[in-house]
Amino acid sequence: MSCLELEALRLGLMTVLGTDDRAAREHAEKELEGELEGPIEGLATAETLDGLRRHLDAALVDLEEQVATLDDNDPEADYVRGRLVAVRDAERSLARLATHGEGLLDGLGETHHDLHDAFPVED
């Protein structure tokens, strides 16, 4: 069993950030081979932070349902619960990334306005 959600998120994030790490991309694609459907496919093919957040939320719902139906005697139970913790952590990290990006965008807008206040442009 692999961490489909995390590998799909990594793959989508590489696209969103424009990361050109061929080895990492190939590794993620190999891990996801035959698993690209639903939220996992959405994560892997996302092109925006909003898309990543939306598909990660859907993947979390699926994973939470899987955890809720686990048999405690299942040898994979602890691993699946661990995956849930890791994916929730990834969700928080992705939210921080979006917040920081929005803060950067706002800061650049303020700097732009400050620059025009300091050096007015005549029409």
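Residues numbered from 1 in each chain as written. Predicted model: local features only at pLDDT ≥ 70, side-chain atom pairs only at ≥ 80, totals over all residues. Heavy atoms only, no water.

- Naming follows an unreviewed UniProt entry, where the protein appears as DUF3209 family protein of Halobaculum roseum.

Points about the nonpolar core
- Ranked by internal contacts, the top residues of the largest apolar core, which has 25 residues, are Ala 8, Leu 9, Leu 11, Leu 32, Leu 43, Leu 52 and Leu 56.
- Listed by contribution, the elements that provide at least two residues to this core are α1 (4-17), α2 (22-32), α3 (38-45), α4 (49-68) and α5 (77-118).
- Ignoring anything within four residues of it in the chain, the contact list for Leu 11 reads Arg 25, Ala 28, Glu 29, Leu 32 and Ala 44. (Core = buried A, V, L, I, M, F, W, Y, C linked by side-chain atoms within 4.5 Å. Buried < 20%, exposed > 50% of the residue type's maximum accessible area, 1.4 Å probe, protein only. Helix = DSSP H or I, 4+ residues; strand = E, 2+ residues; numbered from the N terminus. Contact = heavy atoms within 4.5 Å.)

Considerations on α4
- With 20 residues, α4 should reach 28 Å at 1.5 Å per residue; the first-to-last C-alpha distance of 28 Å fits that figure.
- Within the sequence span of α4, burial applies to Gly 51, Leu 52, Leu 56, Ala 59, Leu 60, Leu 63 and Val 67. Down the axis of α4, the sector holding all buried residues measures 165°, keeping them to one side. Within α4, the exposed residues directed more than 90 degrees away from the buried face are Asp 50, Arg 54, Glu 65 and Ala 68.
- Those residues of α4 hidden inside the fold are in contact with α1, α3 and α5. (Expected span 1.5 Å × (residues − 1). Arc of directions from axis to C-beta.)

Examining the packing of α1 against α4
- Two elements in contact, α1 and α4, have axes separated by 10 Å at closest approach and are oriented at 175°. One way to sum up the angle between α1 and α4 is to call them roughly antiparallel. Of α4, the residues touching α1 (which contributes Glu 5, Leu 9, Gly 12, Leu 13 and Val 16) are Leu 49, Leu 52, Leu 56, Ala 59 and Leu 63.
- For the contact of α1 with α4, a count of residues per class yields 8 nonpolar, 1 polar and 1 charged. (Axes fitted to C-alpha atoms, helices over the stretch in contact; angles between N-to-C directions. Parallel < 35°, antiparallel > 145°, perpendicular 65-115°, else oblique. Nonpolar A, V, L, I, M, F, W, Y, C, P; charged D, E, K, R; others polar.)

Here's the deal with α5
- Helix length check: α5 (42 residues) gives 61 Å between terminal C-alpha atoms against 62 Å at 1.5 Å per residue, within 8%.
- Buried residues of α5: Ala 77, Val 80, Arg 83, Leu 84, Val 87, Ala 90, Leu 94 and Ala 98, and no others.
- In this fold, the buried residues of α5 make contact with α1 and α4.

Notes on the pattern of salt bridges
- Overall, the coordinates contain 8 salt bridges when judged by the stated rule.
- The residue Glu 7 makes a salt bridge to Arg 10 at a minimum N-O spacing of 3.3 Å. With Glu 7 and Arg 10 both in helix α1 and 3 residues apart, this pair spans about one turn of that helix.
- Its relative accessible area of 36% is what places Arg 10 among the partly exposed residues.
- Its salt-bridge partner being Glu 29, residue Arg 22 comes within 3.6 Å of it at the nearest N-O pair.
- Residue Arg 22 is classed as partly exposed on the basis of its relative accessible area of 44%.
- Three or more residues joined by partner-sharing salt bridges are found here, namely Arg 22, Glu 26 and Glu 29. (Salt bridge = Lys/Arg side-chain N within 4 Å of Asp/Glu carboxyl O.)

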